[in-house]
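# Fold and contact review
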Amino acid sequence: MSSEPGGQGLASTGRVSRLGDLDYAPAPESAAIVSIADAYGLYIDGHFTDPERHESFATLNPATAAPLARVARASAADVDAAVQAARRALPAWSALPGAERAKYLFRISRIIQERQRELAVLETLDNGKPIRETRDVDIPLAAGHFFYYAGWADKLAFAGFGPDPRPRGVAGQIIPWNFPLLMAAWKLAPALAAGNTCVLKPAETTPLSALALADILEQAELPAGVVNIVTGDGATGADLVDHPGIDKLAFTGSTEVGRQIQRRLAARGLPLTLELGGKGANIVFDDAPLDEAIEGIIDGIFFNQGHVCCAGSRLLVHEGVADEVLRRLRRRVDQLRVGDPLDKNTDVGAINSAAQLARIGELVAAGEAEGATRYTSACPLPAAGYWFAPTVFTDVAPAHRIAREEIFGPVLAVMTFRTPEEAVAKANDTTYGLACGVWSEKGSRTLWVAQRLRAGVVWANAYNRFDPASPFGGVRESGFGREGGRHGLEAYLDV
Ligand code: NAI
Ligand code: MG
């Protein structure tokens, strides 16, 4: 582990810089642009209402561990009220001409764009991810999804699902904490375009951007009951799954909960989409453009603190370039700026919760105990809040837990290969199948590999690229169904 003296930077900002002692002055985004209420109710039938049992819980800022607001915990009766409101709103909403529904979606997209600075700060405060990412990725893509599906609303007859495709009805939608507003948009936009009404359950550690979205829906004058937002934890989610009044369920989260949900719904034959975990392989061949590949590896595992289902959490590198790749990779890891998520120069923000930090710690300890070699950036970490320094494991065996289990944190497991066949075998040696990356200058080799990878998404000379027009989803234990693109409509149409 290199530990050149950090010099001047350390004293002023608490950061060590290894690039010729260059350092950055703090550049924090102001939090003054958002006003967070002390407490939030449930958004049901176009109003914020108190939960039936008057129960609430706190959502924290993971960068400080300080509470931001209290949020309502919905009971089964509250979930029932939300489903009934969605049911009442369904006939009028689904009967609207598609072009009319599109106007609402365009409006929502535009308001998200208008309020994007506020939303970026709010998301960063509640989630812990860097403002650079909320500003440049989460919020613009959320707006992009509403914009994209607005375009489909009046063209459903041309989407390839028959001349007059009908909505499923009331959609129950449960989302995780890693991309809170973006996951809400992935769920709501295609459902609304297709004429469904929705009950959305945000994750318990990151409910605030969905509640801000409720305010945006009001601003867009979306008819009451078309979207209902019920906050709570897994019990609230389970109440939504079990509600007999839903016609469709969409879930993004852990494979374990996805499995439970599928089991519970087995007897009901309810249409289900599951977007679950992953253990993506980033495959780097010896003819890859190395500078780009290093950036792709970094982006693949350290983007969003590695809280990414499609993260490139396994690096498979061609033996001949392994030493060179690792040398460059360590140097780049040392340059990652970890700290205040509101600082525009921050690359890696806070871990979302104490529970997630404990899970990352447990798996990293298992990696060390099983004999892998750990390299962790020497960057200083803030004293309060939840943090984990970027970490790279070498000497990883395919049987190690760090090579098999989803860590969902800034931890990379590196393995090598000698032939394309071996790369494919190692990449496919997982129970998951969400995403992979292939780095090579040779198109024929990239295609040969991509055709043999068992994964829903394969990026070529890129990683973690998302676009509303591009379908996303997994195979095997990463789930089924697609979100995004024309394919994403299918989940919400009675085809
Ligand atoms: P989780 O699967 O428990 O939570 C995701 C959502 O499901 C949340 O809204 C939660 O309230 C809800 N939920 C929890 N239990 C439920 C139940 N029984 N019925 C219905 N809804 C339920 O995931 P968690 O505990 O936050 O993270 C655990 C691990 O899962 C992570 O370490 C990571 O490996 C994986 N994960 C994967 C995600 C992905 O994007 N594929 C997102 C979040 C977590
Ligand atoms: Mg929070």
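Residues numbered from 1 in each chain as written. Chains lettered and ligands numbered in written order. Predicted model: local features only at pLDDT ≥ 70, side-chain atom pairs only at ≥ 80, totals over all residues.

### Focus: the overall build of the protein
The secondary structure content of the protein amounts to 16 helices and 18 strands. Relative to the 2.2 N^0.38 estimate, which gives 23 Å for 495 residues, the radius of gyration of the protein is 23 Å and therefore close to what a compact globule would have. Taking the principal axes of its C-alpha atoms as reference, the protein extends roughly 65 × 50 × 35 Å. For the protein, with 495 residues in total, the buried portion stands at 56%. (Helix = DSSP H or I, 4+ residues; strand = E, 2+ residues; numbered from the N terminus. Rg over C-alpha atoms; globule rule 2.2 N^0.38 Å. Buried ≥ 20, exposed ≤ 12 C-beta atoms within 10 Å, placed from the backbone.)

### Describing the site of ligand 1
Taken together, 27 residues lie around ligand 1, and Gly234, Gly237, Gly253, Ser254 and Cys309 are the ones closest in. Every element with two or more residues in the shell around ligand 1 is listed here: helix H8 (234-242), helix H9 (255-265) and helix H12 (354-369). When residues in the shell around ligand 1 are grouped by element, the largest group, four residues, is from H8. Grouping the amino acids of the shell around ligand 1 by side-chain chemistry returns twelve nonpolar, nine polar and six charged. (Near = placed C-beta within 6 Å. Nonpolar A, V, L, I, M, F, W, Y, C, P; charged D, E, K, R; others polar.)

### A word on H12
The end-to-end C-alpha distance of H12 is 22 Å, a good match for the 22 Å that 16 residues give at a rise of 1.5 Å each. Those residues of H12 lying buried are Gln356, Ile360, Leu363, Val364 and Gly367. Buried residues of H12, viewed axially, fall in a sector of 100°; they line one side. With respect to the buried face of H12, the exposed residues turned more than 90 degrees away are Ala355, Ala358, Glu368 and Ala369. Residues of H12 that are buried in the fold lie against strand E13 (373-376), strand E14 (391-394), helix H13 (401-404) and strand E15 (411-417). Two residues or fewer past H12, Gly371 is found with a positive phi of approximately 105°. (Expected span 1.5 Å × (residues − 1). Arc of directions from axis to C-beta. Contact = placed C-beta atoms within 7 Å.)

### Re the sheet that holds strand E1 (residues 39-40)
Ordered in space as E1-E5-E4, the three strands form an open sheet in which the pairing is mixed. Strands at the two margins of the open sheet, each flanked by one partner only, are E1 and strand E4 (56-61). Pairing of E4 with strand E5 (residues 66-72), which is carried by six bridges, proceeds in the antiparallel orientation. Within the sheet, the bridge partner assigned to Phe57 lies in E5 and is Val71. (Pairing = 2+ DSSP bridges.)

### Overview of the sheet that holds E15
In sheet architecture, strand pairing relies on hydrogen bonds along the backbone and comes in two forms, parallel and antiparallel. Read across the sheet, seven strands follow the order E13-E14-E15-E12-E11-E16-E17 without closing on themselves; strand pairing throughout is mixed. Since the sheet does not close on itself, it has two edges, and those belong to E13 and strand E17 (457-460), each with one partner. Between one strand axis and the next, the sheet turns through 20° on average, direction left out of account. Here four bridges tie strand E11 (residues 281-284) to strand E12 (residues 314-318), and the two strands are oriented parallel to one another. Across the sheet, the residue bridging to Asn282 is Leu315, located in E12. Each of E11, E12, E15 and strand E16 (435-439) touches helix H14 (residues 420-427); the most contacted strand, E15, lies at about 145° to it. (Axes fitted to C-alpha atoms, helices over the stretch in contact; angles between N-to-C directions.)

### What to know about the confidence of the model for the protein
Averaged over all residues, the pLDDT of the protein is 95; the fraction at 70 or higher stands at 96%. For residues 1-17, every residue scores under 50 in pLDDT, and the model assigns this stretch 29 contacts once sequence neighbours within four places are set aside. (pLDDT = per-residue confidence, 0-100.)

### Brief notes about the pairing of E14
Across four bridges, E13 lies against E14 in antiparallel orientation. In the strand pairing of E14, Arg374 is matched with Phe393. In terms of strand pairing, E14 meets E15 through three bridges, oriented parallel. In the sheet register, Phe393 faces E15, and the bridge partner there is Ala413.

### Side note on the environment of Pro97
Assignment of secondary structure puts Pro97 in the loop between helix H2 (76-95) and helix H3 (98-114). On the basis of neighbour count, Pro97 is assigned to the exposed category, with 10 C-beta atoms found within 10 Å. Once the C-alpha coordinates of Pro97 and Ala153 are considered, the two residues, 56 residues apart in sequence, prove to be 8.5 Å apart.

### Notes on the packing of H14 against helix H15 (residues 443-452)
Axis separation between H14 and H15 bottoms out at 10 Å; the angle between their running directions is 35°. When you trace H14 past H15, the crossing you get is right-handed. Counting all contacts with H14, which are made through Pro420, Ala423 and Val424, the residues of H15 involved are Arg445, Trp448, Val449 and Arg452. When grouped by side-chain class, the residues that make up the contact of H14 with H15 number five nonpolar, no polar and two charged. (Left-handed = near helix turned anticlockwise from the far one by under 90°.)

### Side note on the nonpolar core
In this structure, Leu105 and Phe146 are the most contacted members of the largest nonpolar core, which totals 91 residues. Tallying contributions element by element places helix H6 (residues 180-193) first for this core, with eleven residues. Apart from residues no more than four positions distant in its own chain, Leu105 is found in contact with Phe146, Tyr149, Ala150, Ala153, Ala189, Leu192 and Ala193. Formed by 65 residues, the second largest nonpolar core is a distinct cluster that contains Cys309, Val325, Val333 and Val457. (Core = buried A, V, L, I, M, F, W, Y, C linked by C-beta atoms within 7 Å.)

### Quick word on the environment of Thr446
Inspection of the secondary structure assignment puts Thr446 in helix H15. Thr446 sits in the buried class, given 20 other C-beta atoms within 10 Å. Sequence separation of Thr446 and Asn127 is 319 residues, and the distance between their C-alpha atoms is 36 Å.

### Section: unusual backbone geometry
Despite not being glycine, Phe408 has its phi angle at roughly 55°, a positive value. With respect to the helices and strands, the residue Phe408 is situated in the loop between H13 and E15. Not every positive phi belongs to a glycine, and Arg476 is a case in point at roughly 50°. Inspection of the secondary structure puts Arg476 in the loop between E17 and strand E18 (479-480). Judged by C-beta crowding, with 18 C-beta atoms within 10 Å, Arg476 ranks as partly exposed.

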